[in-house]
Amino acid sequence: MGRIMDYQVELVARAFYDAEHEDYSWDGESEVVRDEFREYARNAINLLHEDIGILIMALQRATAAENPERARAAA
């Protein structure tokens, strides 16, 4: 995993942790717990990427259906 992805996972994991554990500190938490939240974050990011891809395809199809001449020009 690249540095950018690692950073994104860490940010999302911390956000999930903070939302669930308002009175505790991420930095004071065990590595086992932090890894659990990182896994939640990876899953959420992957699902989001999949959903965005599906949304983009649907938008492209809708645009092509509404403007067939634009779709031919782009091809």
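Predicted model, so just to flag it, every value in this text is computed and none were measured.

### Section: the confidence of the model for the protein
Averaged over the protein, the pLDDT score is 81; the fraction of residues at 70 or greater is 83%. Across the protein, element-level confidence peaks in helix α1 (residues 3–20) with a mean pLDDT of 87 and bottoms out in helix α3 (residues 68–74) with 53.

### Remarks on the pattern of salt bridges
Summed over all chains, the structure comprises seven salt bridges. Across the salt bridge formed by Glu31 and Arg38, the nearest N and O atoms sit 2.7 Å from each other. For Glu31, a relative accessible area of 39% translates into the label partly exposed. Of the charged contacts in the structure, one is a salt bridge between Arg38 and Asp35, with a shortest N-O distance of 2.8 Å. Placement of the pair is Arg38 and Asp35 together in helix α2 (residues 31–66), with a separation of three residues, close to one helical turn. Through salt bridges with shared partners, one network takes in Glu10, Arg14, Asp27, Glu31, Arg34, Asp35 and Arg38.

What counts and how
Residues numbered from 1 in each chain as written. Predicted model: local features only at pLDDT ≥ 70, side-chain atom pairs only at ≥ 80, totals over all residues. Heavy atoms only, no water. pLDDT = per-residue confidence, 0-100. Helix = DSSP H or I, 4+ residues; strand = E, 2+ residues; numbered from the N terminus. Salt bridge = Lys/Arg side-chain N within 4 Å of Asp/Glu carboxyl O. Buried < 20%, exposed > 50% of the residue type's maximum accessible area, 1.4 Å probe, protein only.

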